[in-house]
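# Inside the fold
Given next are the chains, with one letter for each unit.
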Amino acid sequence: MSEKTKNKIRLIIFDFDGVLADSFDVFYPLIRDGMANVGLSLTPKQYRFFFINNVHQSFQDFINNDKKYKIFSRFRKENYDKFYYNKKCKVTLYPKTATFIKEIGGKYILTIASSGKEENIKNLLRKNGIEHLFDFILADSATSKRGMIIKILSRFKINPKNTVMVTDTVGDLKVAKETGLKTTAVTWGFHSPKLLKSANPDFLVNDFKELKNVLMDWGLTRQD
């Protein structure tokens with residue numbers, strides 16, 4: 001087997017929110033109101049910066065009080081679905097997401113690693129007719145992104161060099177690089193192009209067409 005063939009990408013790990021789903025305008029109000037519930041104000045810029053590192057650790061550091069953090073966590077859990085399925089502003093897939101996934105589905109191992117709720121993610125994918133195209137969906141707020149990546153790699157027994165992480169945050173890029181994955185950052189999510197560039201992703205893409213081209217150039221295949 002040639003070196004080029006050995007290095008082909010076989011597995012894609014997608015972050016969900018900010019990559020496949022348009023959710024900032026839903027989750028920011030949820031977290032803002034949760035912080036207000038413990039007497040803290042939160043700006044959109046501050047919320048975006050939580051994702052430079054582990055987001056849940058960022059919540060805890062920002063609150064800096066164990067009792068208040070427990071109150072905040074309870075508020076977030078109890079109100080998560082209320083905000084997620086709000087009729088006026090609810091989480092939706094980006095307009096081109098379903099088409100993109102249908103174009104690459106079946107050709108590659110597609111997975112999701114998210115700190116969201118698995119049931120909500122599956123419901124949204126199912127509603128758009130693409131849930132069946134994913135081989136594995138891992139969504140767990142109690143597990144770090146590093147833990148999710150390791151679990152996915154172990155499940156499919158694939159080398160990190162044959163895996164790409166697609167994300168919209170610096171925090172995910174850091175973890176993906178540390179675990180040996182190739183990285184592609186998308187500019188339509190939580191972090192700005194400038195901030196994403198600071199984490200030195202292998203590629204930075206501006207739309208789903210560019211993302212598809214990057215993945216194809218890497219020679220993706222399920223069969224190698």
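The text that follows walks through the structure, step by step, so that each part is easy to find. Only a predicted model underlies this, so the values are computations on that prediction, with no experimental measurement involved.

What follows is about the environment of Gly 116. Assignment of secondary structure puts Gly 116 in the loop between β4 (109-114) and α7 (118-127). Along the primary structure Gly 116 and Asp 22 are separated by 94 residues, whereas in three dimensions their C-alpha atoms are 13 Å apart. Residues in contact with Gly 116, not counting those within four places in the same chain, are Tyr 80, Ala 139, Asp 140 and Ser 141.

Here we come to the pairing of strand β7 (residues 182-186). A large share of β7 lies buried, amounting to four of its five residues. Sheet topology note: the β7/strand β8 (residues 203-205) ladder contains three bridges and is parallel. Across the sheet, the residue bridging to Val 186 is Val 205, located in β8.

Before going further, it helps to spend a moment on the nonpolar core. Counting residues in each nonpolar core, the largest one holds 57 residues, and the members touching the most others are Phe 14, Phe 16, Tyr 47, Ile 101 and Phe 134. Considering each element in turn, this core owes the most residues, seven residues, to helix α2 (residues 24-36). For Phe 16, the contacting residues outside a window of four places in its chain are Ala 21, Tyr 84, Leu 93, Ile 112, Ala 113, Ser 114, Ile 121, Leu 124 and Leu 125. Counting 15 residues, the second-largest nonpolar core is a separate cluster that includes Leu 11, Met 148, Met 165 and Ala 176.

As a packed pair, helix α5 (residues 66-84) and α7 sit with axes 11 Å apart at the nearest point and diverge in direction by 10°. On the basis of their axis angle, the class for α5 and α7 is roughly parallel. Contacts between α5 and α7 involve Tyr 80, Asp 81 and Tyr 84 on the former and, on the latter, Asn 120, Ile 121 and Leu 124. Here the residues of the contact of α5 with α7 are counted per class, giving four nonpolar, one polar and one charged.

With that out of the way, let us pick up the pattern of salt bridges. Taken as a whole, this structure holds eight salt bridges when the rule is applied. For Lys 145, the salt bridge identified is with Asp 15, shortest N-O distance 3.5 Å. A residue pair is termed long-range when its members are at least 10 positions apart, and Lys 145 in helix α8 (residues 145-156) and Asp 15 in the loop between β1 (11-14) and β2 (21-22) qualify at 130 residues. Taken as a pair, Lys 145 and Asp 15 share a single burial class, namely buried. With a closest N to O distance of 3.4 Å, Glu 103 and Lys 212 form a salt bridge. In this pair, Glu 103 sits in helix α6 (residues 97-104) while Lys 212 sits in helix α11 (residues 208-217), placing the two residues 109 residues apart along the sequence. In this structure Glu 103 comes out as partly exposed when scored by relative accessible area, which is 34%.

Definitions and limits used
Residues numbered from 1 in each chain as written. Predicted model: local features only at pLDDT ≥ 70, side-chain atom pairs only at ≥ 80, totals over all residues. Heavy atoms only, no water. Helix = DSSP H or I, 4+ residues; strand = E, 2+ residues; numbered from the N terminus. Contact = heavy atoms within 4.5 Å. Buried < 20%, exposed > 50% of the residue type's maximum accessible area, 1.4 Å probe, protein only. Pairing = 2+ DSSP bridges. Core = buried A, V, L, I, M, F, W, Y, C linked by side-chain atoms within 4.5 Å. Axes fitted to C-alpha atoms, helices over the stretch in contact; angles between N-to-C directions. Parallel < 35°, antiparallel > 145°, perpendicular 65-115°, else oblique. Nonpolar A, V, L, I, M, F, W, Y, C, P; charged D, E, K, R; others polar. Salt bridge = Lys/Arg side-chain N within 4 Å of Asp/Glu carboxyl O.

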